[in-house]
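Now for the letters of each chain:
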Amino acid sequence: MIQLPEDLDESYAKASNDKKTILANAIKLCDTLGVKHKLSEIAKERIRRAGEKIIEEAGLTAQNLDIGFRVFKLDSSNMKDVYYSAAEYNQAMLDHLTSNIKEDRTELDLLFGCLLEWGLPLSMPYTSEEINGVTIHTYNDGDLIACFAENVPENVVLEIAKRQPLRAVFRDSSFASSPAKINVEEIFKLIAPNTSVKVL
């Protein structure tokens, strides 16, 4: 389902008289449902209630039925725009260029961004766990394992490699130096040679 993030109060203020009645009814529905005055909130609540009704009607057969859903918001790339001509570079820009990932992005933003880049479906299950103080995200039982922590310890890299995922993703700042990054590549070549390793 795709829905524009329409604010019903703003739309009501701008609407012609014939559309105001429809928007007023939608705003009343939001108040009844106890959600924000946005069309997308009505849609999410309808999906929740449909899931509850399916569970209710299925009775005992609904014991392990998954009625969950995910909500995504369209945004710009997780990566900073770092493409400048030589004349545009200056010394003051260097601090800004130490990481190519936008500062406001979460680990889940990065995870789902990787899924989109690889063309993987966004509907598969994923888990997050902590190993040696860093968070590991496993998508669809090993289609992808990601760790976006700063300074990932070698034993965590070894653990990810032992699980032999199809894909492994780290951020560039996960490694203290270029030799540390090369060491990760060598670990995967040795333990999980069929894993595709990507560094953001």
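Structure: above.
The paragraphs below set out a description of the structure included in this document. (Residues numbered from 1 in each chain as written. Predicted model: local features only at pLDDT ≥ 70, side-chain atom pairs only at ≥ 80, totals over all residues. Heavy atoms only, no water.)

Points about the overall build of the protein
So, point 1. Across its full length, the protein carries six helices and five strands.
So, point 2. Taken over the C-alpha trace, the protein has a radius of gyration of 23 Å; the compact-globule value for 200 residues is 16 Å, which it surpasses by more than 25%.
So, point 3. Dimensions along the principal axes, computed over C-alpha positions, put the protein at roughly 65 × 60 × 30 Å.
So, point 4. Expressed as a percentage of its 200 residues, the buried residues of the protein come to 32%.
So, point 5. Here the protein displays about 13,300 Å² of accessible surface, and carbon together with sulfur accounts for 53% of that area.
So, point 6. Each charge class in the protein can be summarised by its mean position, and for the 23 positive and 31 negative side chains these summaries are 5 Å apart. (Helix = DSSP H or I, 4+ residues; strand = E, 2+ residues; numbered from the N terminus. Rg over C-alpha atoms; globule rule 2.2 N^0.38 Å. Buried < 20%, exposed > 50% of the residue type's maximum accessible area, 1.4 Å probe, protein only. Areas by Shrake-Rupley, 256 points an atom, 1.4 Å probe, with all protein chains shown as cover. Lys, Arg positive; Asp, Glu negative; His and termini not counted. Charge placed at Lys NZ, Arg CZ, Asp CG, Glu CD.)

Points about the pattern of salt bridges
So, point 1. Throughout the structure, instances matching the rule amount to 13 salt bridges.
So, point 2. Measuring nitrogen to oxygen at the nearest pair gives 3.8 Å for the salt bridge that ties arginine 171 to glutamate 150. Taken together, the residues span a long stretch of sequence, with arginine 171 in the loop between β4 (167-170) and α6 (178-191) and glutamate 150 in the loop between β3 (144-147) and α5 (154-162) at a distance of 21 residues.
So, point 3. Arginine 171 sits in the buried class, given a relative accessible area of 15%. (Salt bridge = Lys/Arg side-chain N within 4 Å of Asp/Glu carboxyl O.)

Thoughts on the pairing of β4
So, point 1. Here β4 shows two buried faces, one formed by Arg167 and Val169 and the other by Ala168 and Phe170.
So, point 2. Direction of pairing for β3 relative to β4: parallel, over a ladder of three bridges. Along β4, the bridge assignment pairs isoleucine 145 with alanine 168.
So, point 3. Handedness of the β-α-β unit built from β3, α5 and β4 comes out right-handed.
So, point 4. In the sheet, β4 pairs with strand β5 (residues 196-199) via four bridges, with the strands oriented parallel. Its bridge partner lying in β5, arginine 167 is registered against serine 196.
So, point 5. For the handedness criterion, the β-α-β arrangement of β4, α6 and β5 is classed as right-handed. (Pairing = 2+ DSSP bridges. Right-handed = clockwise from strand over helix to strand, strands pointing away.)

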